[in-house]
Amino acid sequence: QVQLVESGGGLVQPGGSLRLSCAASGSIFSIRTMRWYRQAPGKEREFVASIFQDSRRYYGDSAKGRFTISRDSAKNTVYLQMNDLKPKDTAVYSCNVELQLVFTGPTNSYWGQGTQVTVSS
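Residues numbered from 1 in each chain as written. Predicted model: local features only at pLDDT ≥ 70, side-chain atom pairs only at ≥ 80, totals over all residues. Heavy atoms only, no water.

Inspection of the entire model under this criterion finds seven salt bridges. For the salt bridge of arginine 38 with glutamate 46, the shortest nitrogen-to-oxygen distance reads 2.8 Å. Take glutamate 46: its relative accessible area is 30%, and that puts it in the partly exposed class. Here aspartate 61 and lysine 64 are joined by a salt bridge, their closest N and O atoms 3.4 Å apart. Grouping residues by exposure puts aspartate 61 and lysine 64 together as exposed. (Salt bridge = Lys/Arg side-chain N within 4 Å of Asp/Glu carboxyl O. Buried < 20%, exposed > 50% of the residue type's maximum accessible area, 1.4 Å probe, protein only.)

Following this line, the structure appears as C-alpha cells:
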C-alpha cells in the first residue's frame with residue numbers, strides 16, 4: 001500500500017553535488033521519521049541522516065558539514081542535499097520512512113529500493 005521512490009542519484013565528479021529525493025505515496029495517515037542510509041559493496045549499512053516530524057535533524061559523522069536533510073511534509077518527500085562529494089561517498093543510498101497508515105494503527109517502517117551514487121573522476 002505504501003511506496004517509496006528514490007531519485008537523484010548518478011555519476012558525479014569529486015567536489016560535485018547531488019540532491020536525492022524520496023517520495024512516499026499511498027494511504028498514509030502520518031509520517032513520523034524519514035532517514036537516509038547508504039551501503040557500499042561489502043560494507044555494513046551506514047546511517048547518513050534523519051529528520052523527525054518536528055524537524056529535528058541528526059547526521060552521521062560522514063555526513064556532517066557536507067550533507068543536509070530536509071522534508072516537504074505536504075508532498076511526503078524527504079531530500080538529501082549532498083555537497084563536496086568524495087569517492088568515499090560512493091554507495092547505494094536508501095530511504096527509510098516510519099509512518100502510520102491509520103491513526104489507531106502502529107508505526108511501521110518502509111524502505112525504498114535505493115539509488116546509486118557514484119563519485120569518480
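Strand order in the open sheet formed by four strands is E1-E3-E8-E7, and the pairing between neighbours is antiparallel. Both edges of this open sheet fall to strand E1 (3-7) and strand E7 (67-72), since each of them pairs with a single strand only. This sheet shows a mean twist of 15° between the axes of neighbouring strands, independent of strand direction. With six bridges connecting them, strand E3 (residues 18-25) and strand E8 (residues 77-82) associate as antiparallel partners. Paired with alanine 23 across the strands is threonine 77, a residue of E8. (Pairing = 2+ DSSP bridges. Helix = DSSP H or I, 4+ residues; strand = E, 2+ residues; numbered from the N terminus. Axes fitted to C-alpha atoms, helices over the stretch in contact; angles between N-to-C directions.)

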